[in-house]
Amino acid sequence: MTRKGDTWNESRTFQDPFTLRRVRQFTTAGAYNYHPAYHTSTAWTADGKRFIFMSGRANKSTIFCGNVETGEITQLLDWVDGWMINIMTGASRNFSHGVGTPCLDRNSGWVYYSIDQTLRAVNIDTLEERTLIEDSGIWAYGTPTVSPDSAYVAVPANIIPEAMQDVDPTRP
């Protein structure tokens, strides 16, 4: 398998038969290739030349950066066991959920994401990694978002059901 920092090109270009526009397909492999497309999650650099996406292959997941002009893909993290989709299907806390949906800070180049119950960041230019919140034990983090001035990272946190199994919600 590929490793953090590897760069390659598996893209192909073709003309869309309906719009007649040139299309670049970046990936040819993967169980899923997914980019954050919600209005609070950014996938594109400020200059529009690169974007981030995550991919699941061979029950592992990671984050990549794609270059629109060249079609090159750079792997930002080493592969992590599990797929982000496992958490949505109710998999146990003892099962690795892989890399969670990322969000790119367009100003700084930092990509924010979660792995299991840890909130992390990686820089698309230097590949430096940071841990922002260590394993919380009972929280599963949702998709991060960054304030327009890059001063804040917000992330929703959901209590993992197993951690609450002995809690009576009717009692304070």
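Each remark here, short or long, concerns the structure printed above.
The structure contained in this document is the topic of the report that follows. Not measured: the values here are computed from a predicted model.

## Examining the environment of Val68
Thought 1: Here Val68 lies in the loop between β6 (60-67) and β7 (72-75).
Thought 2: It is 8.7 Å that separates the C-alpha atoms of Val68 and Phe26, two residues lying 42 residues apart in sequence.
Thought 3: Excluding residues that lie within four positions of it along the chain, Val68 makes contacts with Arg24, Phe26, Trp44, Gly48, Lys49 and Phe51.

## Observations regarding the side chain of Thr62
Thought 1: Looking at the secondary structure, you find Thr62 in strand β6.
Thought 2: A distance of 2.8 Å separates a polar side-chain atom of Thr62 from the backbone oxygen of Leu77.
Thought 3: Leaving out residues up to four positions away in the same chain, Thr62 has contacts with Phe53, Met54, Ser55, Gln75, Leu77, Asp78, Trp79 and Val99.

## Looking at the packing of aromatic side chains
Thought 1: Under the counting rule described, the total for this entry stands at six aromatic pairs.
Thought 2: Considering the side-chain rings of Phe53 and Phe64, the 5.4 Å spacing of their centres and the 25° angle between planes classify their relative orientation as stacked. Of this pair, Phe53 sits in strand β5 (residues 50-57) while Phe64 is found in strand β6, placing the two residues eleven residues apart along the sequence.
Thought 3: Residue class for Phe64 comes out buried when judged on its relative accessible area of 1%.

## Re the pattern of salt bridges
Thought 1: Inspection of the entire model under this criterion finds six salt bridges.
Thought 2: We note a salt bridge from Arg57 to Glu10, for which the minimum N-O separation is 3.6 Å. Residue Arg57 is located in strand β5, and its partner Glu10 is located in the loop between β1 (7-9) and β2 (12-15); the two are separated by 47 residues in the primary sequence. Each of the two residues, Arg57 as well as Glu10, counts as buried.
Thought 3: A salt bridge links Lys60 to Asp81; the shortest N-O distance between them is 2.4 Å. Of this pair, Lys60 sits in strand β6 while Asp81 sits in strand β8 (residues 80-81), and the two are 21 residues apart along the sequence.
Thought 4: When salt bridges with common partners are traced through the structure, they connect Lys4, Arg120 and Glu129 into a single cluster.

Procedures and definitions
One numbering rule holds for all chains: residues counted from 1, following each sequence as written. Predicted model: local features are reported for residues with pLDDT of at least 70 only, side-chain atom pairs are reported and counted for 80 or more only, and whole-chain, interface and lining totals are derived from all residues. Remark: hydrogens and water are excluded; side-chain values derive from all non-hydrogen atoms of the structure. By the criteria applied, helices consist of DSSP H or I runs no shorter than four residues and strands consist of E runs no shorter than two, each listed in order from the N terminus. Any two residues having at least one pair of non-hydrogen atoms within 4.5 Å are treated as being in contact. A 3.5 Å cut-off defines polar contacts: any pair of N or O atoms within that distance qualifies, except that in protein one atom must be a possible hydrogen donor and the other a possible acceptor, and neighbouring residues in sequence count only when both atoms are side-chain atoms. Here is the rule: rings of Phe, Tyr and Trp (six-membered ring for Trp) pair when centre to centre is within 6.5 Å. Planes less than 30 degrees apart are stacked, more than 60 are edge-to-face, and the remainder are tilted. Partly exposed describes any residue whose relative accessible area lies between the buried limit of under 20% and the exposed limit of over 50%, with all areas from a 1.4 Å probe on protein chains only and scaled to the type maximum. Any Lys or Arg side-chain nitrogen located within 4 Å of an Asp or Glu carboxyl oxygen qualifies as a salt bridge.

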